Amino acid sequence: MEYRSNRKLLVLFSLLALLLLSVGGAAAQDPVTITWWTLASAESPEPAIRAVVEAFEAEHPNIKVDVTIMAESAYGDLMNTALGAGEGAPDIAYFWESPWLPHTLDITDRLEADPDLSRDDYFEEYFNNWATWNDRVVGLPFTVGANFVMYNKDVFDEAGVDYPTADWTPWDYIEIAKALTDPDKRRWGGDRPRGPFRAIWRNIGATKPYSDDSATVEGYFNGPDSVAAYTWLWDLVDSGATPTPADIEVLGTEGTGPVDLFIAGRLGMATLNNGHMITAANAGVNFGVVPEPHVPGNERYVHAWALRASIWAGTEHPDEAYEFLSFWAGPEGQRINMEIGALMPSLPAVLEDYPDADSDYFQGFMGVLNGTQTAEWRASHPCWRGAVIRAVSDAWDLIMLGEIERDEVQATLDALVEPAQAALDDCVPRLGG
Amino acid sequence: MLSHWRKMTTQERRDAKTGYLALSPWMLGFAVFYAFPILATFYFSFTQWTLVEPPVWIGLDNYIRMFTRDPLFVSSLKATTLFVALSLPLKLVLGLILALLLNLKIPGMNLYRTIFFVPAVISGVAVSLMWIWFLQPDTGVVNTLLSYIGVQGPYWFWDRDWALPSVAIMSIWKVGGAAIIYLAGLQNIPAHLYEAAKIDGANQWRRFWRITLPLLTPTLFFQLIIELIDAFKIFTEAFVITKGGPLKATYFFLYYFYEEAFRNFNMGYASALALFLLLVIMSATVFVYRTSGRWVFYEN
Amino acid sequence: MRTDLARPELGLTPAQQRRRSAARRRAKRLIAHAFVYIVMTLLAFIFLLPIFWMVSTSLKLPQEIFAWPPDWIPANPQWGNYEEAFTKYPLARYMFNSAILVVANIVGGLVSVPVIAYGFARFDFPFKHVLFLLMLSTMMVPGHIKLIPLFWLYQRLGLIDTCWPLILPAFFGNPFFIFLMTQYMRTIPRELDDAARIDGAGSWGILIRILIPLCRPALTVVVVFTFVWVWNDFLEPIIFLRDYDSFPISVGLAFFQGRYSVEWNLFMGATLVSILPILIVYFFAQRHLIGGLASIGIKG
């Protein structure tokens, strides 16, 4: 009897086990598919993207990654429409626009519970500025980007000018640029900033075009620091040591003019980024890297960015999506991109293995990465990037075209306070401060 | 309509039914591809919509802002109108001149016809980049050639007064597309009319004014409308080359729409802008259409 | 009277006068021809200069593109650039995709346009004039307006990331083509219809057997213009397609513009190759094209 009941139990157990097995088996046969939208670039080219998927799927046989490689020009429109429609958005993507942030999945707890990955593995500034929002972790910073000044050593040597050092000032920049300029060779000493309120603006002291609470323009955009920064720009333009927008845009419409001229040896110094740095290195240019100049006494800022790799809040497979995100934007995925493409990983331990890590220029670049970043300002203000900068762009244009005198800078900025305020008042209720 | 239908004969009704049947694909397409998007845009124009979050009804606010306190609305409308006024007459006249040349019956004309058509079929970013290089103030071909005859060329895209004409020049480069339609019109003019005029002793100049031009007015009318619509939709050049600058000289209306809709997360306002543009184009077209009775001559 | 006095031939015999004036006319024509050739060649040179520069850039090394002074003809032409462009991105595949889209759109146009135009050209029914104007007015709608609502619609229908959004509209008739075809059909005498009707053909039989064959020039316009438009279309493919392998060539070219740099030489080379099919089609079709466009000038 006892024996019998044991047998019954055994049968029951084996049946149960069979059932469990078959369910588990079905799960194994029927993998979860997650969708991933990404972009191909020189740093992260198509083969690297495919290799990441392949390596991940080999590690996780139960997860399939459906990758879509897009044209960059279409990416923003597609994300907008998909997020707006509330469906059809990818499980994983770059969520670089701030209006997309509310649609990211909060991965704070997942990252904390992750035994293999921690926020300390990343460059601290990059993680704080690009992966967190409202004290939540909303993604992982993929790659690192920064602006810095690249100088062509051959041009400096030829002109007999000393290489710039990290403690240089914006006015040193103008003097050096003048010394390097050679009109006969159509060579300019240095380029002009590509827009106001970037790192050099901060380094001169002008922090923001409007108040911290996004309410007031008066006294900020036309305040003394801002006037000083715009006056510096006026001096730079007036020096004749920089190419005009027409010279810079001779072919480049997407801001590629400076690097094109730099590589051609027609620009002694240029404020460029690490993508350009690789292009120049590949072209065999003999160059060095210094941080952007700053005013002694002020903190030095670096204009920096990372790509925010996030999970869509509407995903049906958050666990699998996190598995993939932490692979792709973690050490493995970024390493694959570094080895196949030319990606600069946002993880110091991986970046150390960069092929050119010992070179002179790369050492300069590592120095730049340690600066305080302007990112938090740039990232959170679509109003600034869109409406307000458009309202005040006349000041920029007038100085660039050389149409105002040096002592008219203040009046020019004053005149634009009103339209800037109107643009701000219209934008902030819509997109926040 | 029903009473009208009742008055029709059986044959007329059958004809009407076939007519509607033939039109049915277009009517369906109209409903889906035009009526629906425009109605949706009409609705969005009363909302604040960031695209990413659901639209919020705000009544007439977008329109009030547009008409009372948006300097960019005014300046972009002005830039667009200026562009239309500048490029349209030039394109019509130069297109006609080119077509008259291409209509000469001399050997090898087919090749020339293809050559002048090339610019009209190339599009995309490469063309815009080519123009940037072409009109570059210091090193560009145009200013280099001008310097040979002792003329200091302007700064083209980088000058507040020349940026807009530069964009117009770009559009005139594509005049071959218009010329081909003129050419078709020219070849449609019966040869016997010219023979008769020749016998009457009319010289070429007179023949052009008395025969060619009047008989070409229907083609001209068509071209005028097509080019008018096209000119109001100017966008790509501002998008690729000038970014609306300098000093908003080329901040065209559709570019403004695009910036608001897809860059500034302001789809509601952009919808209001788009509808306004549609209204402007329609009014301009209707105006041209109204005047056509006075200057368009049809044969017979 | 005055013209007679001015004539030096006065006083010659009529036969002498005739011979002399014939020789004079020949010489005059020769000079005129030479003059036309010179003008046309000069114009063609100006029109093609930008293209020539694209060719030159496509054969340069990266560091030569921005060298000063610029070289018109690269010292060491890099023909390998073309190969590199085509291996770096699947451009051949993209051109093939474009070709498929073009063919599908042409089929759509050839099926829908004659039917719709037939309705407008041959039948009378209430509201015909209004519908015709409505059809024409859809030409005025800027493409951008339609994007968001249509994206929403296609999403609902599950058509995003398929080629249907790029093909379907063609099957509902393009207004420009409908207008053109309607005009063209109106030039075909109704007597032909009546004759066929007496022979027992129905309404649709007349269209297929009588009208469509006679409309060949207008259909050529549909084919060639569809080719050009679809081949160049950029806006819709980037919104409605997603798959890396399914892009048309217009989108594929955009890959050469990276985030940090543009591969100018490859970009220009790829652009040049991408327009070749259009030019070939145009060169061979242009004679028929002109015939097809001629009906634009008839009374609507």
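Residues numbered from 1 in each chain as written. Chains lettered and ligands numbered in written order. Predicted model: local features only at pLDDT ≥ 70, side-chain atom pairs only at ≥ 80, totals over all residues. Heavy atoms only, no water.

Draft legend 1. Focus on the overall build of chain B. Secondary structure assignment for chain B yields 14 helices and two strands. Considering only C-alpha atoms, chain B reaches an extent of 75 × 75 × 30 Å along its principal axes. Classification of the 300 residues of chain B by burial places 58% in the buried group. Put simply, of all contacts in chain B between residues at least 6 apart along the chain, 64% involve residues at least 24 apart. Split by element, the accessible area of chain B, about 13,300 Å² in all, is 66% carbon and sulfur. Across chain B, the centroid of the 23 positively charged side chains sits 8 Å from that of the 16 negatively charged ones. (Helix = DSSP H or I, 4+ residues; strand = E, 2+ residues; numbered from the N terminus. Buried < 20%, exposed > 50% of the residue type's maximum accessible area, 1.4 Å probe, protein only. Contact = heavy atoms within 4.5 Å. Areas by Shrake-Rupley, 256 points an atom, 1.4 Å probe, with all protein chains shown as cover. Lys, Arg positive; Asp, Glu negative; His and termini not counted. Charge placed at Lys NZ, Arg CZ, Asp CG, Glu CD.)

Draft legend 2. Representation of the domain arrangement of chain C within the structure. Residue and element names in this part refer to chain C. Along its sequence, chain C is organised into domain 1 (2-58) and domain 2 (81-297). For domain 1 versus domain 2, the distance between C-alpha centres works out to 41 Å. For the domain 1 and domain 2 pair, buried surface summed over both sides reaches about 570 Å², with 78% attributable to carbon and sulfur atoms. Considering only the surface of domain 1 that becomes buried against domain 2, M54, T57 and S58 emerge as the three largest contributors, covering 79% of it. The tally of links from domain 1 across to domain 2 stands at two residue pairs in polar contact (both at pLDDT 80 or more). Of the residues belonging to the side of domain 1 that touches domain 2, the class tally is four nonpolar, two polar and no charged. (Domains from an automatic or database assignment. Buried area = accessible area lost by both parts, 1.4 Å probe. Polar contact = N/O pair within 3.5 Å; in protein donor to acceptor, adjacent residues only side chain to side chain. Nonpolar A, V, L, I, M, F, W, Y, C, P; charged D, E, K, R; others polar.)

Draft legend 3. Here's a closer look at the interface of chain A and chain B. Across the boundary between the two partners, chain A contributes 31 residues, which contact 32 residues of chain B. Here chain A and chain B share an interface that buries about 2,900 Å² over both sides, 53% of which is from carbon and sulfur atoms. The residue R65 of chain B makes a salt bridge to D426 of chain A at a minimum N-O spacing of 3.0 Å. Where chain A meets chain B, there are 13 residue pairs in polar contact (both at pLDDT 80 or more). Where the side of chain A that touches chain B is concerned, the elements lending two or more residues are α3 (72-85), α10 (245-248), α18 (382-400) and α19 (409-431) of chain A. Broken down by element, the residue count for the side of chain A that touches chain B peaks at seven residues, all from α18 of chain A. (Salt bridge = Lys/Arg side-chain N within 4 Å of Asp/Glu carboxyl O.)

Draft legend 4. Region of the structure containing the pattern of salt bridges. Residues and elements named next belong to chain A. Applying the stated criterion across every chain, the model contains 17 salt bridges over all chains. Its salt-bridge partner being D319, residue R110 comes within 2.8 Å of it at the nearest N-O pair. You can see R110 sitting in helix α4 (residues 108-113) and its partner D319 sitting in helix α13 (residues 318-328), a full 209 residues away along the chain. Judged by relative accessible area, D319 falls into the partly exposed class, the value being 47%. Of the charged contacts in the structure, one is a salt bridge between E175 and K178, with a shortest N-O distance of 3.8 Å. With a gap of three residues between them, E175 and K178 both fall in helix α7 (residues 170-180), about one helical turn apart.

Draft legend 5. Here's a closer look at the packing of helix α4 (residues 71-102) of chain B against helix α8 (residues 163-173) of chain B. Residue and element names in this part refer to chain B. Remark: α4 packs on α8, axes separated minimally by 9 Å, with the N-to-C direction vectors making an angle of 35°. The chirality of how α4 crosses α8 is right-handed. Side by side, α4 and α8 meet where A79, L82, F83, L86, S87, L90, K91 and L94 of the first sit next to L164, P165, V167, A168, S171 and I172 of the second. When the residues that make up the contact of α4 with α8 are grouped by side-chain class, the tally is eleven nonpolar, two polar and one charged. (Axes fitted to C-alpha atoms, helices over the stretch in contact; angles between N-to-C directions. Left-handed = near helix turned anticlockwise from the far one by under 90°.)

Draft legend 6. Seen up close, the pairing of strand β11 (residues 304-311) of chain A. All names here are of chain A. Within β11, eight of the eight residues are buried, which leaves it mostly tucked inside the rest of the structure. Pairing of strand β3 (residues 92-94) with β11 involves three bridges; the strand directions are antiparallel. The residue bridging I92 from the neighbouring strand is I311, located in β11. (Pairing = 2+ DSSP bridges.)

Draft legend 7. Geometry of a negative patch on the surface. All names here are of chain A. A surface patch of like charges, here negative, comprises E59, D116, E323 and E332. Within the secondary structure, D116 is located in the loop between α4 and α5 (124-130). For D116, a relative accessible area of 66% puts it in the exposed group. (Patch = residues over 30% accessible without salt bridge, like charges linked within 9 Å, V, L, I, M, F, W, Y side chains within 5 Å.)

Draft legend 8. Region of interest: a nonpolar patch on the surface. Residue and element names in this part refer to chain B. On the surface, a cluster of nonpolar side chains totalling about 380 Å² of accessible area is made up of L86, L90, V93, L94 and I97. Following the sequence through the fold, V93 ends up in helix α4. Among the residues examined, V93 registers a relative accessible area of 48% and is labelled partly exposed.

Draft legend 9. Local environment of the interface of chain B and chain C. Each partner contributes residues to the interface: chain B has 83 residues there, and chain C has 79 residues. When the two sides are added together, the surface that chain B and chain C hide from each other amounts to roughly 7,600 Å², 83% of it contributed by carbon and sulfur. Of all residues in chain B, W26, F33 and Y34 of chain B bury the most surface against chain C, accounting for 10% of the area lost on that side. Across the contact surface, chain B and chain C share five residue pairs in polar contact (both at pLDDT 80 or more). Counting residues per element, the side of chain B that touches chain C draws most heavily on helix α2 (residues 10-44) of chain B, at 22 residues. Of the residues assigned to the side of chain B that touches chain C, the class counts are 67 nonpolar, 13 polar and three charged.

Draft legend 10. Seen up close, helix α15 (residues 264-293) of chain C. With 30 residues, α15 of chain C ought to run about 44 Å at 1.5 Å a step, yet its terminal C-alpha atoms sit only 37 Å apart, falling short of that. Burial analysis of α15 of chain C places 21 of its 30 residues in the buried class, the great majority of the element. (Expected span 1.5 Å × (residues − 1).)

Draft legend 11. Up close: the environment of V368 of chain A. Residues and elements named next belong to chain A. With respect to the element layout, V368 can be found in helix α16 (residues 360-369). For V368, a relative accessible area of 1% translates into the label buried. Dropping the residues within four chain positions of it, V368 is found in contact with A146, N147, F148, V289, V290, P291 and V302.

Draft legend 12. Spotlight on the packing of α7 of chain A against helix α9 (residues 224-238) of chain A. Residues and elements named next belong to chain A. At their nearest, the axes of α7 and α9 sit 10 Å apart, and the two run at 5° to each other. Put simply, α7 runs roughly parallel to α9. For the pair formed by α7 and α9, the contact residues are P170, W171, Y173 and I174 on the first element and W232, D235 and L236 on the second. A breakdown of the residues in the contact of α7 with α9 according to their chemical character gives six nonpolar, no polar and one charged. (Parallel < 35°, antiparallel > 145°, perpendicular 65-115°, else oblique.)

Draft legend 13. Local environment of the nonpolar core. Ranked by size, the top nonpolar core spans 356 residues in total, and within it W201, F221, Y230, M269, M277 and W328 of chain A together with L293 of chain C carry the most contacts. The element contributing the most residues to this core is α15 of chain C, with 15 residues. (Core = buried A, V, L, I, M, F, W, Y, C linked by side-chain atoms within 4.5 Å.)

Draft legend 14. Representation of empty space enclosed by the protein within the structure. All names here are of chain A. The final tally for this structure, using the stated rule, is one cavity of 30 Å³ or more. Roughly 140 Å³ of internal volume is contained in the largest cavity. Around the largest cavity, the lining comprises 14 residues; the ones closest to its centre are R192, P193, R194, T271 and E292. (1 Å grid on protein atoms, 1.4 Å probe; cavity = no way out; pocket = protein on both sides within 12 Å on 5 of 7 lines; lining within 4 Å. Points joined across faces, edges and corners; volume = space filled by probe spheres on them.)

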